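# Architecture at a glance
Each chain, written out:
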Amino acid sequence: DAGVTQSPTHLIKTRGQQVTLRCSPKSGHDTVSWYQQALGQGPQFIFQYYEEEERQRGNFPDRFSGHQFPNYSSELNVNALLLGDSALYLCASSWGLAGAYEQYFGPGTRLTVT
Amino acid sequence: AQSVSQHNHHVILSEAASLELGCNYSYGGTVNLFWYVQYPGQHLQLLLKYFSGDPLVKGIKGFEAEFIKSKFSFNLRKPSVQWSDTAEYFCAVNDPGGFKTIFGAGTRLFVKA
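Model, not experiment: these values are computed from the prediction. (Residues numbered from 1 in each chain as written. Chains lettered and ligands numbered in written order. Predicted model: local features only at pLDDT ≥ 70, side-chain atom pairs only at ≥ 80, totals over all residues. Heavy atoms only, no water.)

## Re the state of the cysteines
Residue and element names in this part refer to chain A. Enumeration according to the criterion identifies two disulfides over all chains in this entry. Each sulfur in the disulfide pair C23 and C91 lies 1.8 Å from the other. Disulfide C23-C91: torsion about the S-S bond near -55 degrees, hence left-handed. You can see C23 sitting in strand 3 (residues 19-24) and its partner C91 sitting in strand 9 (residues 87-94), a full 68 residues away along the chain. (Disulfide = S-S within 2.5 Å. Helix = DSSP H or I, 4+ residues; strand = E, 2+ residues; numbered from the N terminus.)

This is how it looks when you write it as structure tokens:
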């Protein structure tokens, strides 16, 4: 049973560029949440997707956007990258309206903005 | 706004020592509480959770946590740590009506063999 997968593993971008990160949820899961984890900090909630809709959003600017596809996979897009966007981006999946209750995390995508 | 505070950022213990990691949260209503663990080179994974009922919950690998509502605390304990418990531990909270999980900053535990 495949767990949560994320791609790419690492990414280096320049300030002002745009980036797309991808996530495939664990088999049987239909809800995907995205988190940003800066060095030395805990994960910070960006947003959650269920039935292809953004269900809730954390305190992140509109430069951060997402999408969920009919197969439940998801993308996180970040526009106009800033140096402060450098972080580990985690995807977590869960099942149904229980939402964030039981989450399974992927390995993350390490984004470096130069 | 909800927040989670973990008291210790780094803890160093010898094998067989007892462990207690502190966690306090700020939220006035009913909450769901979690401890997650990240072993070196591995994904973040759920250690244990509290939704309701017995405030003393047991998780994997001999860990337990006690929910004390009056103190807004959910401390993690283990009677005797092993070298393999070296990891980073995160306390987290979310309210049952919402979908947002708030994490603490984490505690890095190093167990000396």
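## So, the sheet that holds strand 1 (residues 5-7) of chain A
Residues and elements named next belong to chain A. As summarised here, the arrangement of the four strands in space is 1-3-8-7, forming an open sheet in which the pairing is antiparallel. Every interior strand has two partners, whereas the edge strands, strand 1 and strand 7 (64-68), have only one. Mean inter-strand twist for the sheet, computed between neighbouring axes without regard to direction, equals 20 degrees. In this structure, strand 1 lies alongside strand 3, joined through three bridges in antiparallel fashion. Across the sheet, the residue bridging to T5 is S24, located in strand 3. (Pairing = 2+ DSSP bridges. Axes fitted to C-alpha atoms, helices over the stretch in contact; angles between N-to-C directions.)

## What to know about the nonpolar core
Counting residues in hydrophobic clusters, the biggest one holds 29 residues, and the most contacted among them are L33, W35, L48, F74, L76 and Y89 of chain B. If we ignore the near neighbours within four places in the chain, the residues touching L48 of chain B are L33, F34, W35, V57, K58, G59, F63, E64, A65, F74 and L76 of chain B. Within the second largest apolar cluster, 20 residues are counted, among which are L21, F64, A87 and V113 of chain A. (Core = buried A, V, L, I, M, F, W, Y, C linked by side-chain atoms within 4.5 Å. Buried < 20%, exposed > 50% of the residue type's maximum accessible area, 1.4 Å probe, protein only. Contact = heavy atoms within 4.5 Å.)

## Section: the interface of chain B and chain A
Of the residues lining the interface, 20 residues belong to chain B; the matching set on chain A comes to 22 residues. Summed over both sides, the interface of chain B with chain A buries roughly 1700 Å², with 55% coming from carbon and sulfur. Taken as a group, H43, F99 and K100 of chain B account for 36% of the area that chain B buries against chain A, more than any other trio of residues on that side. Inspection of the chain B/chain A interface yields zero salt bridges. On the surface where chain B and chain A come into contact, there are three residue pairs in polar contact (both at pLDDT 80 or more). Among the secondary structure elements, those contributing two or more residues to the side of chain B that touches chain A are strand 5 (32-38), strand 6 (44-50) and strand 10 (87-94) of chain B. (Buried area = accessible area lost by both parts, 1.4 Å probe. Salt bridge = Lys/Arg side-chain N within 4 Å of Asp/Glu carboxyl O. Polar contact = N/O pair within 3.5 Å; in protein donor to acceptor, adjacent residues only side chain to side chain.)

## Section: the pairing of strand 9 (residues 73-78) of chain B
All names here are of chain B. By the criterion of burial, strand 9 is predominantly enclosed, with five of the six residues buried. Judged from the three bridges that link them, strand 3 (residues 19-21) and strand 9 form a sheet pairing that is antiparallel. Note on strand 9: the bridge partner recorded for L19 is K78. The pairing of strand 8 (residues 64-68) with strand 9 spans five bridges and is antiparallel. Across the sheet, E64 pairs through a bridge with R77, a residue of strand 9. In sequence, strand 8 turns back onto strand 9 through a hairpin of four residues, with F72 there showing a positive phi of about 50 degrees.

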